[in-house]
Amino acid sequence: MLRNAGAALALLAAMVLAVLYGTLRASLPRLDGELRAVGLKATVRITRDDLGVPTIDAANRFDLAYGTGFVHGQDRFFQMDLSRRLASGELAELVGVHALAADRRTRLFRLRSVARRVLAEASEPQRALLEAYARGVNAGLASLKSRPWEYWVLRTAPARWRAEDTVLVTYAMWWDLQSEDFGYERLRQEVNARLGGAECGEGWKCALSFLYPERTEWDAPLGVEPPAVPADFPPPEALDIRDAHPGETAHAAAASSPEADARAGSNNWALSGRLTASGAALVANDMHLSLRVPAVWYRARLRISAEGAGGAPLDLIGATLPGAPLLVVGSNTHIAWGFTNSAGNWTSVTRVPCTAVGTDSLTSASGTQPLTVTRERIRVKGAADVELEVKSGPAGVLWQAEPGRRSCWFVGWLAQQPEATNINLMGLERATSVAAALALAPGIGIPHENLVVGDRDGHIGWSICGRIPDATGPARTLGTIEWTTAADQPRSVDPPRGLIWTANARVSVAEKELALIGGSDARYGANYVLGARARQIRDDLLSLPGGAKPADMLRVQLDDRALFLARWRELALQVIDAAGAAARSPGRAEARRLVAAWDGRAGVDSVGYRLVRSFRDHTRDAVWDMVITALGVPPDYNVGPPSQFETPLWQMVTHQPQQLLARQYADWPAFLAAELDATIADLGAECPELARCTWGRHNVARIRHPLSPGLPALAWLLDMPSPELPGDVHMPRVQSPTFGASERFAVAPGHEAEGYFLLPGGQSGHPLSPFYRSGFLAWAHGEPQPFLPGAARHTFTLKPT
């Protein structure tokens, strides 16, 4: 009886697994065959290569949009759904109360309402294109025999795609690239206020210019400028850590985050034709974003024949964004282009003194200020709807109300302006020269990017791609906005050295251009990252012997030399050697041996790199904490130091002014020794032996599907592999466990067969698809894969009804 019962249970379990497996397989897309499609004007042919990369051939741009939507809907619908819901604050409707906090943050900006206004203000052809794309998405979704597997897990049905959702996907990228700036700007204003603000004359000319320098010794802009001169130490009356709040400056950075320096950023560059083997410009790009499953981008080749285009064929190769019907980066065979985050200032964060916030007003010492109130309903799966009151005033949306601190923080954000977003990026599809591409840049409505472009005639150029307010004051994101035109948009064309490079640091040296990019924050570094990465890229490019090819670009992208940390290595050795410290401490002696033996790279086998990196991070965090605590900045305001803080940090640890050291330390050598010991202790707690605490042991890929944390037993199926990865932040090969190159490519327009393209994942969002992980290991190992799709292995045809 027991044997029979066991057999019955095993059979039942097998049947359940078979049903689950069958349901899962049913949501795999059809790769071969044909389908009648409503709304098509002509046949659309979709072929896929060994990696699942589609080539979509259509007779006109609307059918091409339909075909693009079809493959996106087949392969990436859940990813698209999350993107639109992230931007609109509608995630809780899909996944429940766990997403309610995220929805509250984004719903404040009412981006679905803005998206509808964007769609209403678009041209008729653009609206028709987005409608065609939406029909394609829904047709691709409907072609599956079963809804995408994620919706079975969530026990819900997918909602149809709408034209406005494409605009929301663009807003998801706005959010990803710029929403952190709210917190950084609030902190900067709070620091300035506690340093004296207006009472200090020009506040940023006093201590704030020391903590937030406008220029640093690491900057590598395109133009020529004198070397940066570090600001003088602020006088004690402006900043005196030694005598400020005795006993309250305790070290609070014992566990430094190795990813603290990582913010949304990217690398791109271009070489003019006189420096390349082909004679055409050579463009390289790797956009650094949070890494997830499936990959952010979706490779595709989009073509319209000469006959279908009325004699003007279209051939687009590169990366699309699931949710949008256009090529984001890549080549049209005439020009090639790539993007990096501009790191400008596109928000206005304003503190309004307040003592209370009522239903439709706020109260301050000077009286009452009326507020406009809009009530938003957030639907929550499995729970009651939640009503959110969105309150606005002349300074924007009420972002944080803190009457207990007499502070109400308002945010104005360019994303809230309907004129700042559009699908004019499609104009690059038909551009045939650098000049034509740069002329389009001021009217392209995307989150502001450094556009680097090159053409087949060898010309190269840079501009800010995105709509820029003509005003440069602190309120330039508010009210009616006048926008820059091609006449005054920041740009550079064919510079003398034949090179252009950007890496989220300052690019221009022209004051007017810097003011347009940085607004009122330009004087203290805007939101730029430290220029160390840009400098290393520049120097790598300058060292090329000539006749450059795409393979040379990949070597630059994979450069993991930690030049930025060379001086920190020397400092660590000096600290260890001071007063015979190595002899008195076995831990220090071992650390010295490992640091001295370091080969200068962020390699997976390097312990020396990890020690130096961690020592610098501990020191930076501790010094910043001393500053913030001495000023009395609320801890929840502290989102970390600006990237440019490296310059004052180095001045402090090398010149060692006593007034800028917390009283708990006898002197700076004692402070640095304490940070070194904290570094050794932290790594020792993680690793059984310091010599085994390699960088690779920390820098292990953790690229996960969003549902994987809730399905830990299936993580092996849903997540990408977990290799140890070389690279880090302040070098061309940017890499952390969850952040890095969301794509890598290099191509010369007109010579696409010589280029390469890499993605940190496959084309499909389905774990049973052969294209789920295809290409991941090539990305991880830096092995080039062809820029062009390979031979067709599958063919699917869409025919008009």
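What counts as what
- Sequence order as written defines residue numbering, which begins from 1 separately in each chain.
- Local features are withheld for residues below a pLDDT of 70 in this predicted model, meaning they are given only at 70 or higher, and side-chain atom pairs are given and counted only at 80 or more; totals for whole chains, interfaces and linings count all residues.
- Side-chain calculation: all heavy atoms of the structure are included, whereas hydrogens and water are not.
- Within this scheme a cavity is a closed region of a 1 Å grid, computed over the protein atoms alone, that accommodates a 1.4 Å probe without allowing it to escape, whereas a pocket is open but has protein on both sides within 12 Å along at least five of seven lines; lining residues each have an atom within 4 Å of a point.
- Grid points are joined across faces, edges and corners, and a volume is the space filled by probe spheres set on the points.
- Only DSSP runs of H or I covering at least 4 residues are called helices, and only runs of E covering at least 2 are called strands; the numbering of each starts at the N terminus.
- Residues are sorted three ways: Asp, Glu, Lys and Arg are charged, Ala, Val, Leu, Ile, Met, Phe, Trp, Tyr, Cys and Pro are nonpolar, and all the rest, Gly among them, are polar.
- Here, a salt bridge means any Lys or Arg side-chain nitrogen found within 4 Å of an Asp or Glu carboxyl oxygen.
- Classification of residues uses two cut-offs on accessible area relative to the type maximum, computed with a 1.4 Å probe and protein chains only: under 20% is buried, over 50% is exposed, and between them is partly exposed.
- Cysteine sulfur atoms are paired as a disulfide whenever they fall within 2.5 Å.
- Within 6.5 Å between ring centres, the rings of Phe, Tyr and Trp (the latter by its six-membered ring) count as paired, and their orientation is classed by plane angle as stacked under 30 degrees, edge-to-face over 60, tilted in between.
- Placement of a positive charge over a ring is assigned whenever Lys NZ or Arg CZ falls within 6 Å of the ring centre and within 35 degrees of the normal to the ring plane.
- Only the contacting stretch of a helix is used when fitting its axis, a line to C-alpha atoms as for every element, and angles between N-to-C directions run 0 to 180 degrees.
- Orientation categories follow fixed angle ranges, with anything under 35 degrees roughly parallel, anything over 145 roughly antiparallel, 65 to 115 roughly perpendicular, and all other angles oblique.
- Contacts are residue-level and defined by heavy atoms, with any inter-residue pair within 4.5 Å sufficient.
- Here, strands pair whenever DSSP counts at least two bridges between them.
- The definition of a polar contact used here is a pair of N or O atoms within 3.5 Å, where within protein one atom must be able to donate a hydrogen and the other to accept one, and adjacent residues in sequence count solely through side-chain atom pairs.

(A) Focus on the layout of surface pockets. As a volume, the largest pocket reaches approximately 1100 Å³. Around the largest pocket, the lining is made up of 32 residues, and of these Leu82, Leu86, Leu91, Arg292 and Pro706 lie nearest the centre. Listing elements by their share of the lining of the largest pocket, those giving two or more residues are α2 (61-88), α4 (100-107) and α8 (163-178). Here the lining of the largest pocket is composed, by residue class, of 20 nonpolar, seven polar and five charged.

(B) The arrangement of the pattern of salt bridges in detail. Summed over all chains, the structure comprises 50 salt bridges. One salt bridge connects aspartate 165 with arginine 112, and the closest N-O pair in it is separated by 3.2 Å. On the criterion of sequence distance, the pair formed by aspartate 165 in helix α8 and arginine 112 in helix α5 (residues 111-121) is long-range, its members being 53 residues apart. This pair shows no difference in class: aspartate 165 is buried, exactly as arginine 112 is. Among the ionic pairs, aspartate 617 bridges to arginine 620, the shortest N-O distance being 3.7 Å. A residue pair is termed a helical-turn pair when its members lie 3 or 4 positions apart in one helix, as aspartate 617 and arginine 620 do in helix α18 (residues 607-631) at three residues. Residue aspartate 617 is classed as buried on the basis of its relative accessible area, which comes to 2%. Residue class for arginine 620 comes out buried when judged on its relative accessible area of 3%. Each member of the salt-bridge network shares a partner with another, and the members are Asp81, Arg84, Arg85, Glu90, Glu93, Arg112, Arg116, Glu164 and Asp165.

(C) Spotlight on the state of the cysteines. Counted according to the given criterion, the structure contains two disulfides. Here cysteine 354 connects covalently by a disulfide to cysteine 408, the sulfurs 2.2 Å from one another. Torsion about the S-S bond of the cysteine 354 and cysteine 408 cystine: about 90 degrees, corresponding to right-handed handedness. Placement of cysteine 354 in the loop between β10 (347-352) and β11 (356-357) and of cysteine 408 in strand β17 (residues 407-413) is noted, with a sequence separation of 54 residues between them. For the pair cysteine 354 and cysteine 408, one class covers both residues: buried. Covalent S-S linkage joins cysteine 687 and cysteine 693, the inter-sulfur distance amounting to 2.0 Å. Disulfide cysteine 687-cysteine 693: the torsion about the S-S bond is 65 degrees, which places it as right-handed. With relative accessibility at 0%, the residue cysteine 693 sits in the buried group.

(D) The arrangement of empty space enclosed by the protein in detail. Tallied over the entire structure, the rule returns 11 cavities of 30 Å³ or more. Reported here for the largest cavity is a volume of approximately 330 Å³. Around the largest cavity sit 25 residues that line it, and Met173, Trp297, Val328, Ile446 and Pro447 are the ones nearest its centre. Counting residues per element, the lining of the largest cavity draws most heavily on α8, which supplies five residues. Class assignment for the residues of the lining of the largest cavity results in 16 nonpolar, eight polar and one charged.

(E) Quick look at the packing of aromatic side chains. Applying the stated rule across the entire model yields 28 aromatic pairs. Ring centres of tyrosine 212 and tryptophan 624 lie 6.2 Å apart, and the angle between their planes is 80 degrees; this geometry places the pair in the edge-to-face category. Highlighted residues: tyrosine 212 in the loop between α10 (207-211) and β4 (265-271) and tryptophan 624 in helix α18, separated in sequence by 412 residues. One exposure class covers both tyrosine 212 and tryptophan 624, and it is buried. Relative to tryptophan 779, the ring of phenylalanine 776 has its centre 5.7 Å away and its plane inclined at 35 degrees; by these criteria the two rings are tilted. With a gap of three residues between them, phenylalanine 776 and tryptophan 779 both fall in helix α23 (residues 776-781), about one helical turn apart. Of the two residues, phenylalanine 776 and tryptophan 779, neither departs from the other in class, the shared state being buried. Chaining the aromatic ring pairs together yields one cluster made of Phe109, Trp174, Trp175, Phe182, Trp399 and Trp413. The aromatic ring of tryptophan 152 is capped on one face by arginine 147, whose charged end is 3.8 Å from the ring centroid.

(F) Expanded view of the packing of α2 against α4. One can describe the packing of α2 onto α4 by two numbers: an axis separation of 7 Å at closest approach and a directional angle of 60 degrees. Taken together, the axes of α2 and α4 lie oblique to each other. Taken together, the residues of α4 that come into contact with α2 (itself represented by Arg85, Leu86, Ala87 and Ser88) are Asp103, Thr106 and Arg107. Here the residues of the contact of α2 with α4 are counted per class, giving two nonpolar, two polar and three charged.

(G) How the structure looks around the sheet that holds β11. The three strands are arranged β11-β12-β13 in an open sheet whose pairing can be described as antiparallel. The strands lining the two open edges of the sheet, one partner per strand, are β11 and β13 (367-370). By the bridge criterion, four bridges tie strand β12 (residues 361-364) to β13 in an arrangement that is antiparallel. By the bridge assignment, leucine 362 is partnered in β13 with glutamine 369.

(H) The arrangement of unusual backbone geometry in detail. At the junction of valine 293 and proline 294, the peptide bond is cis and its omega measures out at -5 degrees in the coordinates. The phi angle at asparagine 504 is positive, at roughly 70 degrees, despite the residue not being glycine. Inspection of the secondary structure puts asparagine 504 in the loop between β21 (499-502) and α12 (511-518).

(I) The arrangement of the environment of arginine 430 in detail. Locating arginine 430 in the fold gives a position in the loop between β17 and α11 (434-440). Residue arginine 430 is classed as partly exposed on the basis of its relative accessible area of 42%. Distance in space between the C-alpha atoms of arginine 430 and histidine 334 is 8.6 Å, their sequence separation being 96 residues.

(J) How the structure looks around the side chain of serine 88. Mapped onto the secondary structure, serine 88 falls in helix α2. A relative accessible area of 2% places serine 88 in the buried class. A polar contact of 3.1 Å, which involves the side chain of serine 88, links it to the side chain of glutamate 90. Residues within four places of serine 88 in sequence aside, it is in contact with Thr106, Arg107, Arg112 and Leu168.

(K) View of the environment of serine 123. Along the chain, the position of serine 123 falls in the loop between α5 and α6 (124-142). Accessibility expressed as a relative area gives 35% for serine 123, which makes it partly exposed.

(L) Looking closely at the packing of helix α15 (residues 566-577) against α18. Remark: α15 packs on α18, axes separated minimally by 9 Å, with the N-to-C direction vectors making an angle of 85 degrees. One finds that α15 runs roughly perpendicular with respect to α18. The residues of α18 that touch α15, namely those facing Trp568, Arg569, Leu571, Ala572 and Val575, are Val612, Phe615, Arg616 and Thr619. Of the residues in the contact of α15 with α18, the class split is six nonpolar, one polar and two charged.

(M) Structural view of the environment of serine 348. Residue placement: serine 348 occurs in strand β10. On a C-alpha basis, the gap between serine 348 and tyrosine 151 in space is 39 Å, while along the polypeptide they are 197 residues apart. Not counting the four nearest positions on each side in its chain, serine 348 is found in contact with Phe410, Val411, Gly412, Pro474, Ala475, Arg476 and Thr477. A polar side-chain atom of serine 348 sits 2.8 Å from a polar atom in the side chain of threonine 477.

(N) A look at the pairing of strand β25 (residues 794-800). Here strand β1 (residues 33-37) runs beside β25; their pairing, made up of five bridges, is parallel. Paired with leucine 35 across the two strands is leucine 798, which belongs to β25. Two elements, strand β2 (residues 44-48) and β25, share five bridges in a ladder whose sense is antiparallel. Looking at β25, one finds that arginine 48 is bridged to histidine 794.

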